[in-house]
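Residue-level structure breakdown
Now for the letters of each chain:
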Amino acid sequence: TQAPVNVTVTGAAGQIGYALLFRIASGQLLGQDTPVKLRLLEIPQAVKAAEGTALELEDGAFPLLSGIDIFDDAKQAFAGVNVALLVGARPRTKGMERGDLLEANGGIFKPQGEAINAGAADDVKVLVVGNPANTNALIAQSHAPDVPADRFTAMTRLDHNRAVAQLAKKLGVAVADVKKLTIWGNHSATQYPDIFHAEVGGKNAAEAVGDQSWIADEFIPRVAKRGAEIIEARGASSAASAANAAIDHVYDWVNGTAEGDWVSMGIPSDGSYGVPEGLISSFPVTTKDGKYEIVQGLDIDAFSRERIDASVRELSEERDAVKQLGLV
Ligand code: NAI
């Protein structure tokens, strides 16, 4: 059997952590042939809660879980890490300006980037879930100069999955029939869920919908504001669906996308589709052998161009703001 893969999860005692850890332990992150060793990182006040979760993980008697270690120090938590899930972040609280939010998160993602640089395994893959995910990923990446930049990714898979589900519902088809949907840009309200290249049962999805105003006035805002809808209904932010998306993101990155389909990932831009190089922006990607590639050659019409540009502009502004704060 294979040696265990070291999976570090930050924010392990949080609500996404609670939904995520059991699925990692059951083999859903990497596959049923791969044993995992969990390394949990929390702030000192939450270590005890993380220890409680570790007791429950033990009680799961998961055959693929070969150990759990808990840390309140990033250098230790990321030593030897193969897959890093950066979930813990500083949420925006009342009266907090955007600059304060970015600065508080800089205080988390800069040292974590440094710790990944210092101790990660050569094959490390990083997924940033904690918001603002794209810019937090950029901060961590810029403090890990010895790690290839493309190993730092941000999660837009929840948006992707939400969009797939809404489209399937509209057309009365199974989610598995929806292919090639794309989330472009930032994981924020400016994100652009694009169905103009998507396919449903082999036919173009936008044509199958045949209703531009549904796309512009219902579908796009519904997907972009789904997080708020969940908070309103549940009294808490999305957790299990976010954990599910993190599982999907890493599983597909490691195991490859299906022929004839693609997924959305926030990744460092190489300049494709006019997105400034280096911004961590969501693109359509295919994956194979643990590497991803941006899907090239898609026609972007004026409707899509305007929306992609607006979201990318927001990412540029976030990058400028963290530059000014000396965080990248
Ligand atoms: P939560 O507040 O329940 O848990 C966050 C945990 O992170 C807490 O236990 C806290 O102690 C820990 N933490 C804070 N600073 C840390 C540090 N420096 N090192 C290690 N741990 C630290 O939050 P929840 O609901 O689990 O969400 C986590 C993040 O994920 C939030 O930033 C949220 O906005 C984001 N999110 C992102 C989504 C996406 O699609 N990209 C979707 C849903 C949530």
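Before reading on, note that the structure itself is shown above.
Residue positions are given per chain, counted from 1 along the sequence in the order it is written. The model is predicted, so local features are restricted to residues of pLDDT at least 70 and side-chain atom pairs to those at 80 or more, both for listing and for counting; the totals for chains, interfaces and linings are taken over all residues. Remark: hydrogens and water are excluded; side-chain values derive from all non-hydrogen atoms of the structure.

Looking at the side chain of histidine 160
- Elements are defined by DSSP. Helices are runs of H or I of four residues or more, strands are runs of E of two residues or more, and each kind is numbered from the N terminus. Considering the arrangement of structural elements, one finds histidine 160 in helix 6 (residues 157–171).
- Note on classification: 1.4 Å probe, protein chains only; a residue is buried when its accessible area is under 20% of the maximum for its type, exposed when over 50%, partly exposed between these limits. Using a relative accessible area of 5% as the deciding quantity, one classes histidine 160 as buried.
- Beyond its immediate sequence surroundings of up to four residues, histidine 160 is in contact with Leu181, Ile183, Trp262, Val263 and Ser264. In what follows, residue pairs with any heavy atoms lying within 4.5 Å of each other are defined as contacts.

Brief notes about the pattern of salt bridges
- Here, a salt bridge means any side-chain nitrogen of Lys or Arg that lies within 4 Å of a carboxyl oxygen of Asp or Glu. Counted according to the given criterion, the structure contains nine salt bridges.
- Between glutamate 114 and lysine 110 there is a salt bridge whose closest N-O contact spans 3.8 Å. Of this pair, glutamate 114 and lysine 110 both sit in helix 4 (residues 98–119), four residues apart, which is roughly one turn of that helix.
- Overall, glutamate 114 belongs to the partly exposed group, its relative accessible area being 32%.
- Given a relative accessible area of 31%, lysine 110 falls into the partly exposed group.
- As a salt-bridge pair, lysine 180 and glutamate 199 come within 3.4 Å of each other at their nearest N and O atoms. Of the two residues, lysine 180 sits in the loop between strand 7 (178–179) and strand 8 (182–184) while glutamate 199 sits in strand 10 (residues 199–200), which places them 19 residues apart along the sequence.
- The network of salt bridges with common partners includes Arg157, Asp248 and Asp252.

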